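Letter by letter, the chains look like this.
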Amino acid sequence: MITDLHPFRAEYLTNPPQRLLRELAKEHTPAVVETAVGNLDKVARNKERQAKYTFILAPQTDAGLYSHKVLPRGEAQRLIAAQAAYIEERGRLIEVQGWVGLGPRAVPVQWLYTLEGANIAGMQQVLAFPRKDQENGSSHLPFAPRFRVVYTPDFRPDVPGGQRILVDLEQYTTYIMGPDYFGESKKAALRMLNHWTYQQGGLTLHAGAKEVTVAGRRVSMTIMGLSGTGKTTTTFSKQGALTRPIQDDMVTLWPGGELSVTENGCFAKTFGLTEESEPIIYRGTLSSEAWVENVYTDRGGHYDFFKTLLSPSEVAAKRALLLGTGSDPARMDAYISGRVKAQDILSAQGEPEDGWDFVKWTENGRSIIPMSAIEGAADLKKVGAVEYMGILNRDEGADACTPGIVRFDDPRQAAGFFMLGETTKTSAAGKERGKTRSPFTQPFFPLAHGLQARRFSELAATMPHVDLWMMNTGFVGGDTFSVKEGEGFKVKIRHSSAMLEALLAETIVWKRDPDFGYLIVDVDHPDNADLVAKVPVAILNPRSHYEATGKLEVYETWVREMKAGRADFLRSYGVDEEIIATTNG
């Protein structure tokens, strides 16, 4: 428990209302614009989290105990002291007191921000549960936080990169120095929660959750997935009248399938957002209650959720904002004047050369939406036990062979696939692209990742009733470009919804996949005719697509490479050989 509530010699603005936080952001936060719908959009220097600058405070001899890099406390203390001096020189701190979660599993957290982080404080206050909702009328008593986050966006420490995120798991305090991206604040408390809940016998999942009504009973479904896999989209999509959203990003699983929530809102990607495809997120983003980060607005302050390449005139209009994010003025002027053209500085994949990032607007725009603005949200005080657990794999490329939906009838195989956390990187990863694996889709679990598979196996033994599945939210046999040319298939939102609805209604007739041993849709069975009419056969059974197009060799090569790569990955984390064998069928 943190005992010194106000450790810095500074004036504390404790729990300011959203109205005041908006005023403070307009006055003190660089590169903030008010939009046509009345909310604020911050154009940040950082476009994603800075994992390379994140360290656990621990001796180098303990590095094997953690999934992050470590930094000895002696070295960290110099930076922490310099951050404290910066805070006290500034003289004012915004203090947000709130809870991660509701009910007996909830944890009290104190977030502290210098004034240039007023927008981040406003976003965090939206996602935190207020004291009055958790403390049963005792919120007038002194606050007793278990976690603390200290965030100074404009303090650039004298270290390579000028940024550091230091995580003290002994004191449950995280110090954030230099980044101005909201995701660092959000994940700071959730990273510490991962550690805390593991010590208590649970496992915090990087997963959305939705309430599912089955046979008149309200139960929960969790949906794991790395950023960009469609976790939020799947969580907030409708499956008839069966589902209501609970959480979009992180939940904690406990013995017996008990589920605890973490946040009072959602942090949604906005690129490609339309009212038709994602009505709840779209309308929530346009709510005046929302906060927005790194989303393009035109001269009238209207959002453009599809903006990528900027014209010279658009760069000229955004010049002041882009200067605030560190863009080179000489290069901007060269682009604006036409001396340098887009084709001169873009790769074949459309990515700008280093130093020219300003010509392409980030696709990792985000909105922070309170649950009060989420239509049809579940009652977070009455969350049912987990009876469905799934993972999303956004496959992409000529060798995208993952079926649209598979079911695991062996918890050991589910543990293997959850541990693999396979997907294809999207804009949330910055310029990096390609297929990747991340244990339990969980880059925020601070301890050695192999512990997650072990804990899940323990929890699964207490949940024999849980239905386990995986969905591909990307492509089969192609990508965005090849699909336009008639090659391959895109797994669309309506396809995902149809597959989930059929899973929940228990109308799918399954068959054993000959290569991996999990269950896939039997596309030839007459009872699956309705699903096959809604979802292409190639998505439900990719092997059949590769056979029909004379590319079976591509599929069989993929099978061999996946089995070998999966085994190597799981062994590198010390996963049991029995799980590895079951994962590979």
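Given the structure is predicted, the values throughout are model-derived calculations rather than measurements.

Once that is clear, we can look at the confidence of the model for the protein. With 98% of its residues at a pLDDT of 70 or more, the protein shows a mean pLDDT of 93. Contacts of residues 427–431 to residues separated by more than four positions or lying in other chains number 15 contacts, the stretch itself having pLDDT below 50.

Attention shifts here to the packing of aromatic side chains. Counted according to the given criterion, the structure contains 24 aromatic pairs. A ring pair is formed by Y172 and W196, whose centres lie 5.9 Å apart and whose planes are at 80 degrees; its orientation type is edge-to-face. On the criterion of sequence distance, the pair formed by Y172 in the loop between strand 9 (164–168) and strand 10 (173–177) and W196 in helix 5 (residues 182–199) is long-range, its members being 24 residues apart. Taken as a pair, Y172 and W196 share a single burial class, namely buried. With 6.4 Å between their ring centres and 70 degrees between their planes, F408 and Y518 make a pair best called edge-to-face. Of this pair, F408 sits in strand 22 (residues 405–408) while Y518 is found in the loop between strand 28 (510–512) and strand 29 (519–521), placing the two residues 110 residues apart along the sequence.

For the rest of this paragraph, the subject is the packing of helix 3 (residues 118–127) against helix 5. Running from N to C, helix 3 and helix 5 cross one another at 40 degrees; their axes reach a closest spacing of 9 Å. When the axis of helix 3 is compared with that of helix 5, the two are oblique. The interaxial crossing formed by helix 3 with helix 5 has right-handed handedness. Between helix 3 and helix 5, the residues in contact are I120, M123, Q124 and L127 and F182, S185 and K186, respectively. Partitioning the contact of helix 3 with helix 5 into residue classes produces 4 nonpolar, 2 polar and 1 charged.

Turning our eyes to something else, we now look at helix 1 (residues 18–28). What helix 1 keeps buried is the set L21, R22, L24 and A25. Taken end-on, helix 1 shows its buried residues confined to a sector of 165 degrees, consistent with a single buried face. Residues of helix 1 that are exposed and angled more than 90 degrees away from the buried face: R19 and E27. Residues of helix 1 that are buried in the fold lie against strand 1 (11–14), strand 2 (32–34), strand 3 (40–42), strand 6 (92–100), helix 3 and strand 17 (291–293).

Relative to the helices and strands, D410 resides in the loop between strand 22 and helix 12 (411–420). Among the polar contacts listed, one links the side chain of D410 to the side chain of R412, at a separation of 2.7 Å.

A few words now on the pattern of salt bridges. Counted according to the given criterion, the structure contains 40 salt bridges. Overlapping salt bridges bring together K186, K187, K231, D249 and E263 as one network.

On the basis of which strands lie adjacent, the open sheet formed by 5 strands has the order 2-3-17-20-16 and mixed pairing. Looking at the sheet topology across the chains shown, the edges are occupied by strand 2 and strand 16 (265–269). This sheet shows a mean twist of 20 degrees between the axes of neighbouring strands, independent of strand direction. Where strand 3 lies against strand 17, 3 bridges are found, and the strand directions are parallel. In the strand pairing of strand 17, D41 is matched with V292. On the sheet, helix 1 packs against strand 2, strand 3 and strand 17 and is oriented at approximately 30 degrees with respect to strand 17. Lying over the sheet, helix 3 contacts strand 3, strand 16, strand 17 and strand 20 (366–370), oriented at roughly 125 degrees with respect to strand 17.

Here we take up the sheet that holds strand 6. Ordered by their spatial adjacency, 8 strands build an open sheet running 1-6-7-8-10-9-4-5, and the pairing between neighbours is mixed. Edge positions in the sheet fall to strand 1 and strand 5 (69–71), since each of these pairs with one other strand and no more. Adjacent strand axes in the sheet meet at a mean angle of 25 degrees when their direction is disregarded. Alignment of strand 1 against strand 6, held across 4 bridges, turns out to be parallel.

Rules and cut-offs
Residues numbered from 1 in each chain as written. Predicted model: local features only at pLDDT ≥ 70, side-chain atom pairs only at ≥ 80, totals over all residues. Heavy atoms only, no water. pLDDT = per-residue confidence, 0-100. Contact = heavy atoms within 4.5 Å. Phe/Tyr/Trp six-rings, centres within 6.5 Å; stacked < 30°, edge-to-face > 60°. Helix = DSSP H or I, 4+ residues; strand = E, 2+ residues; numbered from the N terminus. Buried < 20%, exposed > 50% of the residue type's maximum accessible area, 1.4 Å probe, protein only. Axes fitted to C-alpha atoms, helices over the stretch in contact; angles between N-to-C directions. Parallel < 35°, antiparallel > 145°, perpendicular 65-115°, else oblique. Left-handed = near helix turned anticlockwise from the far one by under 90°. Nonpolar A, V, L, I, M, F, W, Y, C, P; charged D, E, K, R; others polar. Arc of directions from axis to C-beta. Polar contact = N/O pair within 3.5 Å; in protein donor to acceptor, adjacent residues only side chain to side chain. Salt bridge = Lys/Arg side-chain N within 4 Å of Asp/Glu carboxyl O. Pairing = 2+ DSSP bridges.

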